[in-house]
Amino acid sequence: MAHGTLRVTDPAPGVRLLTIHRPQALNALNPQVLRELMQALADASGDASVRALLLTGAGEKAFVAGADIAAMRAMSALEGREFAVQGHALMRALEMAPFPAIALVNGYALGGGCELALACDFIVASEKAVFGQPEVGLGIVPGFGGTQRLTRLVGKGMAVELCTTGRQVKADEALRIGLVNHVVAPAALLDKGLELAGQIAQKAPVAVKLAKHLVQRGQDMDLANANAFEADVFGVAFGTDDRVEGMGAFLEKRKAEFRGR
Ligand code: DAK
């Protein structure tokens, strides 16, 4: 399916692929892109057959080169506020989606593009990926949660360095500092995403969803409360048919057939 700035496909069973498609502006985020991403995410979240989401950018050069600077320059204060609300809602929706969302970063992921990747559950990069928060060079600060999500992922020192210098980070350094989980050749990026999404799609659906939410929501809790939350959610997983099937299949030495119940 094609929205104006988005390509939506299902390249493998259980896998939804969203490709931001504004190559003439290096896939920069304008209000239309945010709106269409939000709609596509809502569609995927309401579709129980979607088990994992891949998010990438069209073309060879960019994942997303940031928020659209031309669009932002023309915004009134009220439009700027609306853009901020839209962006935060999208980032939150990715985190709360009922399936893991994997950013496949194929090139530049700058500013809002880096923040979009950070809002996914994890990032896989091509060797051509470049990350950065260049906002201070434009007289602004990261505005879609970048200061907070970057800090949680790479730690305070590196986050402050990157957000105050605007320094760009290439794929090998991104791997070293824990910003991305894997780096692969550009031609292998989609296949790596499909491999990981395929592994997720084979596991028990409810357990996958719960595991993602435990990590996402637990990171904002203190350890004692997060562990108590985990114990409660463990109890929920224990009550599923899939738990009975998964343990039974192991003991009977056969492949489990999960039904998401
Ligand atoms: N916005 C609009 N157009 C962009 C763009 C962007 N972010 N990035 C690139 N383009 C356009 C270029 O203008 C150019 O258009 P034409 O001149 O061909 O019409 C085309 O894409 C190709 O770009 P270049 O010719 O510049 O390509 P190069 O290979 O020479 O350079 C580059 C690639 C990625 C290094 C360079 O394009 C670049 O530096 N781009 C800007 C990167 C940047 O500063 N990004 C951060 C933007 S600030 C907010 C929340 C969040 C944000 C804002 C508000 N609120 C809460 C309200 C986020 C802010 C940002 O992301």
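See the structure printed just above.
Just so it is clear, the model here is predicted, and its values are computed rather than measured.

Draft legend 1. Inspection of the side chain of glutamine 216 at higher detail. Along the chain, glutamine 216 turns up in helix H9 (residues 205–218). Ignoring sequence-local partners within four residues, the contact set of glutamine 216 consists of Glu95 and Asp121.

Draft legend 2. The arrangement of the layout of surface pockets in detail. Within this model, the largest pocket holds a volume of roughly 660 Å³. Lining of the largest pocket is provided by 27 residues; of these, Cys120, Asp121, Val215, Gln216 and Gln219 occupy positions nearest its centre. The greatest single-element share of the lining of the largest pocket, amounting to 6 residues, is contributed by H9. Across the lining of the largest pocket, the residue classes tally to 13 nonpolar, 6 polar and 8 charged.

Draft legend 3. Representation of the environment of leucine 18 within the structure. Here leucine 18 lies in strand E2 (residues 15–20). Sequence spacing of leucine 18 and asparagine 225 is 207 residues, and the spatial spacing of their C-alpha atoms is 35 Å.

Draft legend 4. Structural detail: unusual backbone geometry. Even without being a glycine, leucine 26 presents a positive backbone phi close to 50 degrees. With respect to the helices and strands, the residue leucine 26 is situated in the loop between E2 and helix H1 (31–45). Despite not being glycine, asparagine 27 has its phi angle at roughly 60 degrees, a positive value. Its place among the elements puts asparagine 27 in the loop between E2 and H1.

The rules behind these values
- Residues numbered from 1 in each chain as written.
- Predicted model: local features only at pLDDT ≥ 70, side-chain atom pairs only at ≥ 80, totals over all residues.
- Heavy atoms only, no water.
- Helix = DSSP H or I, 4+ residues; strand = E, 2+ residues; numbered from the N terminus.
- Contact = heavy atoms within 4.5 Å.
- 1 Å grid on protein atoms, 1.4 Å probe; cavity = no way out; pocket = protein on both sides within 12 Å on 5 of 7 lines; lining within 4 Å.
- Points joined across faces, edges and corners; volume = space filled by probe spheres on them.
- Nonpolar A, V, L, I, M, F, W, Y, C, P; charged D, E, K, R; others polar.

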